[in-house]
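Working through the structure, step by step
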Amino acid sequence: MFMFLLFFIALGVVLTAITGKDKTSYILWAALLIVTVLSFIHHVTDPLNLSF
Amino acid sequence: MKTKTHPTTFVHLVNIVGLLGVCVPLVVAFYYQLVMDELPCPLCLLQRIGLIIAGFGFLFNVYFGLRNLHYGMVIIGSVLTGIMASRQVFLHIMPGDTGYGSAFLGLHFYTWSLVTSVVIIVATAVVLAISDMNASIRPLNIPPALFRIVGWGFLLLIAANLVSTVLECGGGQCADNPIIYELLSK
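Position labels on residues start from 1 in each chain and follow its written sequence. Numbering of ligands from 1 and lettering of chains from A proceed in the order in which they are written. At least 70 in pLDDT is required for a residue's local features to be given in this predicted model, at least 80 for side-chain atom pairs to be given and counted, and no such filter applies to totals for whole chains, interfaces and linings, which use all residues. Side-chain metrics rest on all non-hydrogen atoms present in the structure, leaving aside hydrogens and water.

Turning our eyes to something else, we now look at the overall build of chain B. Counting its regular elements, chain B contains five helices and two strands. Counting from the amino terminus, helix and strand elements in chain B follow one another as α-α-α-β-β-α-α. Taken over the C-alpha atoms alone, chain B extends approximately 55 × 40 × 25 Å along its principal axes. Restricting the contact set of chain B to residue pairs at least 6 apart, pairs at least 24 apart contribute 76%. In the form shown here, chain B has an accessible surface area of approximately 8800 Å², with 71% of it arising from carbon and sulfur atoms. Counting rule applied: Lys, Arg positive; Asp, Glu negative; His and chain ends not counted. Note that the charge is assigned to NZ on lysines, CZ on arginines, CG on aspartates and CD on glutamates. Within chain B, the 7 negative side-chain charges are centred at a point lying 21 Å from the centre of the 8 positive side-chain charges. Secondary structure elements follow DSSP: runs of H or I no shorter than four residues count as helices, runs of E no shorter than two count as strands, and numbering proceeds from the N terminus. By definition in these notes, contact holds between two residues if any of their heavy atoms fall within 4.5 Å. Using a 1.4 Å probe, the Shrake-Rupley method yields the accessible areas, and only the shown protein chains count as cover for residues.

Right, here's the structure in full:
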């Protein structure tokens, strides 16, 4: 996963928020959330040898 | 900026403090990265993004006006950060494991990330509880310049993270245990 993409989208969110484009900010925020979750799933590779 | 058309109150000020509170761990992480030369792992970067996602909720409250949707965004970001931090805590929880990176006040930074996310959720619950009183609270008339400074400061922090991540990982995947900036080593 391209890690810089997350910060790139985040930069888009803050720029659109500062310029007052609320709908675009919300859409980009949702996109950032989805890409972050997918990136986290991609990086969860080592099995945890724990029992609860 | 939409806040110019609405009187600003104590709750707006609390949201500014919340956003600054989110910025503190990001600045501390940057200090350790730049001064102590500890490069962040992929999970560490994901936790930074989780905090930024939570911080956007506070930023939206400041710029677009107070809405429950924005508090929901703060909680979603904090829960996500907490899940990612817990994952890293569990990776290093076994006896004999020295953990990843250096510790601050006896706790590693992923543990602090978990603590921070819980604190943000609790703080949001308190702010939500006092938000109903917002209408009866006297307007504070916070200068709009303060909103702009906080917003641009947050932007600067995100831009700095973007630059450092590009330098560390290039255009692809980050190393699991990074020790050099990939782009600077070529």
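All names here are of chain B. Two cysteine sulfurs form a disulfide in these notes if their separation is within 2.5 Å. One pass over the structure, following the stated rule, counts two disulfides over all chains. The disulfide that involves Cys41 links it to Cys44, with 2.3 Å between the sulfurs. Disulfide Cys41 to Cys44: torsion about the S-S bond roughly 80°, handedness right-handed. The same class applies to Cys41 as to Cys44, namely buried. What links to what in chain B: the bonded cysteines, counted in sequence order, pair as 1-2, 3-4. With a 1.4 Å probe rolled over the protein chains alone, any residue whose accessible area is under 20% of its type maximum counts as buried; one over 50% counts as exposed, and the rest are partly exposed.

Residues and elements named next belong to chain B. Any residue with relative accessible area above 30% and no salt bridge may belong to a patch, with like charges joined within 9 Å and the nonpolar Val, Leu, Ile, Met, Phe, Trp and Tyr side chains within 5 Å. We define a salt bridge as a contact between a side-chain nitrogen of Lys or Arg and a carboxyl oxygen of Asp or Glu at a distance within 4 Å. Nonpolar side chains collect at one region of the surface, where Phe10, Leu13, Val17, Leu140 and Leu146 lie side by side and expose about 390 Å² of accessible area between them. Ranked by residues supplied to the nonpolar patch, first place goes to helix H1 (residues 10-34) with three residues. If you trace the backbone, Leu140 turns up in the loop between helix H4 (109-131) and helix H5 (144-169).

So, about the interface of chain A and chain B. If you look at the interface, chain A gives 35 residues, while chain B gives 42 residues. For the chain A and chain B pair, buried surface summed over both sides reaches about 3400 Å², with 82% attributable to carbon and sulfur atoms. On the surface where chain A and chain B come into contact, there are zero salt bridges. Two N or O atoms form a polar contact when they lie within 3.5 Å of each other; inside protein one atom must be a possible hydrogen donor and the other a possible acceptor, and for residues adjacent in sequence the pair counts only when both atoms belong to side chains. At the surface where chain A touches chain B, the tally comes to five residue pairs in polar contact (both at pLDDT 80 or more). Once two parts are joined, some of their accessible surface, as seen by a 1.4 Å probe, is lost; buried area is that loss totalled over both.

So, about helix H2 (residues 22-43) of chain A. Here the expected length of a helix is defined as 1.5 Å per residue gap, with one fewer gap than residues. With 22 residues, H2(A) ought to run about 32 Å at 1.5 Å a step, and its terminal C-alpha atoms sit 31 Å apart, in line with that. If you check which residues of H2(A) are buried, you get Ser25(A), Tyr26(A), Trp29(A), Leu32(A), Leu33(A), Val35(A), Thr36(A), Ser39(A), Phe40(A) and His43(A). For H2(A), the secondary structure elements touched by its buried residues are helix H1 (3-18) of chain A together with helix H2 (42-64) and helix H3 (68-91) of chain B.

Take the layout of surface pockets next. A probe as big as a water molecule, rolled over the atoms, marks out the empty space that is left. Of the grid points, spaced at 1 Å and generated over the protein atoms alone, those admitting a 1.4 Å probe that cannot get out make up cavities, while open sets with protein on both sides within 12 Å along at least five of seven lines make up pockets; any residue with an atom within 4 Å of a point is treated as lining. Grid points are joined across faces, edges and corners, and a volume is the space filled by probe spheres set on the points. Roughly 540 Å³ of internal volume is contained in the largest pocket. As for the largest pocket, its lining consists of 24 residues, and the residues nearest its centre are Pro25(B), Ala29(B), Cys44(B), Phe109(B) and Tyr110(B). The set of elements that each furnish at least two residues to the lining of the largest pocket consists of H1, H2 and H4 of chain B. If you tally residues by element for the lining of the largest pocket, the top one is H1(B), at six residues. Side-chain classes follow a simple rule in which Ala, Val, Leu, Ile, Met, Phe, Trp, Tyr, Cys and Pro form the nonpolar group, Asp, Glu, Lys and Arg form the charged group, and the remainder, Gly included, forms the polar group. Residues that form the lining of the largest pocket fall into these classes: 16 nonpolar, six polar and two charged. Size it by volume and the second largest pocket reaches roughly 350 Å³. In this structure, the second largest pocket is lined by 17 residues; those nearest its centre are His43(A), Asp46(A), Leu43(B), Leu91(B) and Asp176(B). Every element with two or more residues in the lining of the second largest pocket is listed here: H2 of chain A together with H2 and H3 of chain B. For the lining of the second largest pocket, the residue count by class is seven nonpolar, seven polar and three charged.

Note that every value here comes from positions in space, so none of it alone points to a role or purpose.
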